[in-house]
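As a plain string of letters, each chain reads:
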Amino acid sequence: MSHAIKKMFCAVALLVIAGCDGGQSAFSGLGPVSSRITLLIWIMFIGAALITALICVLTLISIAGPANWRHKLTGKKSIILGGIVFPVVTLTALLIYGFLVLKAGGTLVQAENPVHISVVGEQWWWRIIYRHDDGQTTESANELRIPTGRPIKIELSTADVIHSFWIPAYAGKVDMIPGRINTLHFMADKPGIVTGQCAEYCGGAHALMSFYTVAMTPSDYDAWLAKERANAKPAIDNQGEQLFLSSGCGGCHTVRGTQADGRIGPDLTHAGSRLSLGAGILPNTTEGFAKWISQHQTIKPENLMPPFDIFSESELQSLSVYLNSLE
Ligand code: HEC
Ligand SMILES: [Cu+2]
């Protein structure tokens, strides 16, 4: 192998391996629902590979095989068996099996008292609403937190166009369709962090609409949820909070415990405690916030937050320190 080809081979191999790290892979079923999907994928993957190999062999025979083999291949019987019977039987079997997996996925973990969360797809971010046992709700955004070992029930809807909610490690895709609420059931086996992604083209920034899902032990989850439910702590950096309130941010964003009660953009009450900014796009750091506020239209083109070129370096810094302190 020449050097260049070796290099290319390595690059491709690396890409393939990188795609399998488990963070966003349907091959690494992390719960009872996705394990069944993973099995379906392997059956289809191996089946497709075998059929492709068979077709290659048949093609070679029909080009260069002995005359009597070639004659057999073009006979009526081979065409009916290979061209009609075989595909109809295998595809029908696969379809029925696929429907069974789909149906089992929902019923497998349905329970009397699931963890109940609503997710609303918005261009181009996720509104996440935790529904408490006492009927109250807590709103968050762009990050899903769930306890392990408990059935999760997610109600999916959309505020605008069709989106599709997909956490490959846990469950199949479910579309978010205007005027409808679709339900998704799944369960996480063990604590961990995986990513999810909008899986239905929904306009400009669709490719930049992802999110982290954090599975936590039930006690960690309860502690986290209590913290998430509480209002924001009073700001230490008052200048940052003042800038936030006086620049119009509160017209679109809520920070519970302050006057900011906008509902158009993501809830920022505990924005500093999330893993990412802008729906999985930037790291959640002071620099990340500064970058989002000053450059979000280049980082996530077409997103629906208006550009803000009004802040000086030091104002941007205070604003970012304030937002990052909202834990
Ligand atoms: C007109 C409404 C609007 C205004 C005003 C607005 N935003 Fe936004 N903001 C949005 C929307 C919509 C998003 C979601 C964008 C996306 O990810 O597609 C967003 C996203 C964000 C995010 C990322 C949130 C997350 O969950 O990761 C931050 C941080 C933010 N805005 C800060 C601000 C600050 C600071 C101001 C004031 C200087 C402000 N916004 C003003 C609408 C607005
Ligand atoms: Cu989308």
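Relevant structure appears above.
Everything numeric in this text was worked out from a predicted model, so none of it was measured.

**Some details on the overall build of the chain**
- On a plain count of helices and strands, the chain comes out with 8 helices and 12 strands.
- Its C-alpha atoms give the chain a radius of gyration of 25 Å, clearly above 20 Å, the size a compact globule of 327 residues would have.
- Its C-alpha atoms give the chain principal-axis dimensions of about 90 × 55 × 35 Å.
- Intrachain contacts of the chain at a sequence separation of at least 6 include 61% that bridge at least 24 residues.
- Just so you have it, the chain exposes about 17,800 Å², and 65% of that area is on carbon and sulfur atoms.
- Between the centroid of the 24 positive side chains of the chain and the centroid of its 25 negative side chains there is a distance of 17 Å.

**A word on helix H6 (residues 238-246)**
- Here H6 has its buried residues at Gly240, Glu241, Leu243 and Phe244. Looking straight down H6, one finds that the buried residues subtend no more than 160 degrees of arc, so they occupy a single side.
- At the exit of H6 stands Gly248, carrying a positive phi of roughly 95 degrees.

**Considering the sheet that holds strand S3 (residues 137-141)**
- The 5 strands lie next to each other as S3-S2-S1-S5-S8, forming an open sheet whose pairing is mixed. Two strands bound the open sheet, and with one partner strand each, they are S3 and strand S8 (182-186). Neighbour to neighbour, the strand axes of the sheet diverge by 25 degrees on average, direction disregarded.
- For strand S5 (residues 152-158) and S8, the ladder comprises 5 bridges, and the chain directions are antiparallel. Looking at the pairing, Lys153 lines up with His185 of S8.

**Describing helix H2 (residues 32-64)**
- With 33 residues, H2 extends 48 Å from end C-alpha to end C-alpha; this agrees with the ideal 48 Å at 1.5 Å per step.
- Within H2 the residues assigned to the buried category are Val33, Ser34, Thr38, Leu40 and Ile61.

**Section: the site of ligand 1**
- Surveying the vicinity of ligand 1 reveals 25 residues, the closest of which are Cys249, Cys252, His253, Gly278 and Met305.
- The separation between an oxygen atom of ligand 1 and a polar side-chain atom of Asn142 is 3.0 Å.
- Assessed atom by atom at 2 Å from the grid points, ligand 1 resides in the largest pocket.
- Of the residues that constitute the shell around ligand 1, the class distribution is 17 nonpolar, 6 polar and 2 charged.
- Split by domain, the shell around ligand 1 shows at least three residues from each of two domains, domain 2 (115-228) and domain 3 (238-325).

**Notes on the pairing of strand S10 (residues 210-216)**
- Most of S10 sits inside the fold, with 6 of its 7 residues counted as buried.
- As defined by bridge partners, strand S4 (residues 143-147) adjoins S10 across 5 bridges and the pair is classed as parallel. Note that in S10 the partner of Ile146 across the bridge is Ala215.
- Bridge count between strand S9 (residues 192-198) and S10: 6 bridges; the pairing is antiparallel. Bridged to Gly192 within S10 is Ala215.

**Overview of the packing of H6 against helix H8 (residues 313-325)**
- One way to put it is that H6 packs onto H8 with a least axis distance of 7 Å and a crossing angle of 100 degrees. What the angle tells us is that H6 and H8 run roughly perpendicular. For the pair H6 and H8, contact is made by Gln239, Gly240, Glu241, Leu243 and Phe244 and by Glu315, Ser318, Leu319, Tyr322 and Leu323, respectively.
- Residues of the contact of H6 with H8, tallied by class, amount to 5 nonpolar, 3 polar and 2 charged.

Calculation notes
As a convention, each chain's residues are numbered from 1 in the sequence order in which they are written. For naming, the first written chain is A and the first written ligand is 1, with later ones following in the order written. The predicted nature of this model means local features are confined to residues of pLDDT at least 70 and side-chain atom pairs, given and counted, to a pLDDT of 80 or more, with totals for whole chains, interfaces and linings taken over all residues. Side-chain descriptors were evaluated using all non-hydrogen atoms of the structure, hydrogens and water having been removed beforehand. Starting at the N terminus, helices and strands are each numbered in turn, a helix being any DSSP run of H or I of at least four residues and a strand any DSSP run of E of at least two. Computation of the radius of gyration draws on C-alpha atoms, with the globule rule given as 2.2 Å multiplied by the number of residues to the power 0.38. The contact definition used throughout considers only heavy atoms, calling two residues in contact when any of these lie within 4.5 Å. To measure how exposed things are, a 1.4 Å probe is used in the Shrake-Rupley method; for residues, cover is taken only from the protein chains shown. Charge counting follows a simple rule: Lys and Arg are positive, Asp and Glu are negative, and His as well as the terminal groups are ignored. By convention, charge coordinates are those of NZ in Lys, CZ in Arg, CG in Asp, or CD in Glu. Exposure categories follow from relative accessible area, calculated using a 1.4 Å probe and restricted to protein chains: below 20% of the type maximum is buried, above 50% is exposed, and the middle band is partly exposed. Summarising the geometry, the arc corresponds to the directions from the helix axis toward the C-beta atoms. DSSP bridges decide pairing: two strands pair if at least two such bridges lie between them. The axes used here are C-alpha line fits, helices contributing only the stretch in contact, and every angle between their N-to-C directions lies in the interval 0 to 180 degrees. How far a helix is expected to stretch is found by multiplying one less than its residue total by 1.5 Å. Any residue with a heavy atom positioned within 4 Å of a molecule or strand is treated as near that molecule or strand. Polar contacts here mean pairs of N or O atoms no more than 3.5 Å apart (in protein, one a potential hydrogen donor and the other a potential acceptor; neighbouring residues in sequence count only if both atoms are side-chain atoms). A pocket, in this scheme, is an open set of points on a 1 Å grid over the protein atoms alone with protein on both sides within 12 Å along at least 5 of 7 lines, while a cavity is a set where a 1.4 Å probe fits but cannot get out; residues line either one if an atom lies within 4 Å of a point. Cavity and pocket membership follows a simple rule, namely that a molecule belongs there if more than half of its atoms are within 2 Å of the grid points. Residue classes follow a fixed rule: Ala, Val, Leu, Ile, Met, Phe, Trp, Tyr, Cys and Pro count as nonpolar, while Asp, Glu, Lys and Arg count as charged, and any other residue, Gly among them, counts as polar. Annotation comment: domain bounds sourced from an automatic or database domain assignment. Throughout this description, any angle smaller than 35 degrees is read as roughly parallel, any larger than 145 degrees as roughly antiparallel, any in the 65 to 115 degree range as roughly perpendicular, and the remainder as oblique.

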